Amino acid sequence: MNSLTFEQCLSDFQGECFRSVDFLTPFVLLAVLFGVGLWSSWRNRQAFRRARRHGFIAGFALLLSAAVTMGWFYLFDPGTIHGVETPPLSQAIFVTAATAFGAGLFLTVGSAFYALGGAVAKSIWGKAHYRGLTRGLVIAIDGPAASGKGTLAKKVAAHFGIPCLDTGLLYRAVARDTAASGGALDDAAAAVKAARSLDPATLDDHSLRGPAAGDAASVVAKIPDVRAALLEFQRAFAHRPGGAVLDGRDIGTVVCPDADVKLFVTASAEERARRRHLEHQGRGEAVSYDQVLADIRARDARDSGRDIAPMGAAADAVTIDTTTLGPEAAFDAALKVIEQKRRAAPPS
Ligand code: DC
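Residues numbered from 1 in each chain as written. Predicted model: local features only at pLDDT ≥ 70, side-chain atom pairs only at ≥ 80, totals over all residues. Heavy atoms only, no water.

**Overview of helix α6 (residues 168-180)**
- The end-to-end C-alpha separation of α6 is 18 Å, in line with the 18 Å expected for 13 residues at 1.5 Å each.
- Taking burial as the measure, the 13 residues of α6 include 10 buried ones, the bulk of the element.
- Restricting attention to buried positions, one finds in α6 the residues G168, L169, L170, Y171, R172, A173, V174, A175, R176 and T178.
- Of the surrounding secondary structure, the elements contacted by the buried residues of α6 are β2 (164-166), α7 (188-196), α8 (211-220), α9 (224-238), β3 (244-248) and α12 (289-305).
- Just past α6, the residue G182 takes up positive phi, approximately 90 degrees. (Helix = DSSP H or I, 4+ residues; strand = E, 2+ residues; numbered from the N terminus. Expected span 1.5 Å × (residues − 1). Buried < 20%, exposed > 50% of the residue type's maximum accessible area, 1.4 Å probe, protein only. Contact = heavy atoms within 4.5 Å.)

**Focus on the side chain of S218**
- Secondary-structure assignment places S218 in helix α8.
- On the basis of relative accessible area, S218 is assigned to the buried category, the value being 4%.
- Within polar-contact distance, the side chain of S218 engages the side chain of R302 at 2.8 Å. (Polar contact = N/O pair within 3.5 Å; in protein donor to acceptor, adjacent residues only side chain to side chain.)

**Some points on the environment of S111**
- Along the polypeptide, S111 turns up in helix α4 (residues 88-134).
- Judged by relative accessible area, which is 6%, S111 ranks as buried.
- The spacing of S111 and F34 is 77 residues in sequence and 8.6 Å in space, taken between C-alpha atoms.
- If we skip the residues at most four places from it in the chain, S111 touches G55 and F56.

**Here's the deal with the nonpolar core**
- Ranked by internal contacts, the top residues of the largest apolar core, which has 32 residues, are L170, Y171, V174, V226, L230, L246 and C256.
- Looking at this core, the elements with two or more residues in it are β1 (138-142), α6, α7, α8, α9, β3 and α10 (251-255).
- In terms of residues, this core owes the most to one element, α6, which gives 6 residues.
- Formed jointly, this core draws a minimum of three residues from each of two domains, domain 2 (134-163 + 242-348) and domain 3 (167-239).
- Beyond its immediate sequence surroundings of up to four residues, V226 is in contact with Y171, V174, A191, V192, A195 and V220.
- L137, V245, F331 and A334 belong to the second-largest nonpolar core, a separate cluster that totals 19 residues. (Core = buried A, V, L, I, M, F, W, Y, C linked by side-chain atoms within 4.5 Å. Domains from an automatic or database assignment.)

Pasting the structure below:
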């Protein structure tokens, strides 16, 4: 009778085991990636999309660089590939490139499975769920003039596909309409009348841009009834079904104290004056840097020193200092904060 030794059994078993592991492992990993894609898309569609994009980019980059390296050997040092004796360094590089190619291939196929999971999640839960994820996402961005908060607010709003309100424009328009009615900017009755009859359709008026309109706005903004008249419009905007981004001075503290995310964007007065000064120069206006800096400081003092709704960071706001950050870096920092907050309090 033919009997197997223990060692033979063990080696047969191991052989069997490894064969099945080799065959199964990639499928198990791909199934896991599919599940992760399903789950992550259900949790947060924005984060899912970013991860999917990064996965594909990394996979393709690995594939491409490995293919170029292997191609080089194929053309110029084919001995390495055919096993002919070649320097160990060449062999090591070739093996590394071949491994990277495998990893890139797996990452690309894995990203495809991850994406497939996301697509399945979307078809199961439907668009309503994703609308629900962003429903009521209110992002408040406050900060002083020329801190970069306006640019940041627009970028954040575009990223989440929600509307953005530059609330400074409301005060600028009130100042414009007050002056147009013949009233002085500190004439409370005239300014309140202008605020109550403000037509939001006139906010894209070009004359509202620039520091002069901002300084005028800062004067009418000190009047409590002007602020009260503009409050409802801002709150209604914030509570649109899809959520909104609002930027200003008192969004996190007064207009939307219940905002999901509050950012306070700031920068040193000198840096803000430098940015403003560049804008003046770009328009061919002869204003000295010192004058711009003095104006910035005066506006800061007026906005943060007023009795009602002074400019300031809410207690639960996260400050982003853009003194040394460009618009993209500030956007990345903001996105990180927003994703963290959303993870900490996921939509129900
Ligand atoms: O953000 P901005 O520079 O366009 O604002 C112009 C002025 O409007 C600002 O100096 C103060 C006032 N403002 C305010 O008091 N509250 C807001 N939420 C927005 C602007």
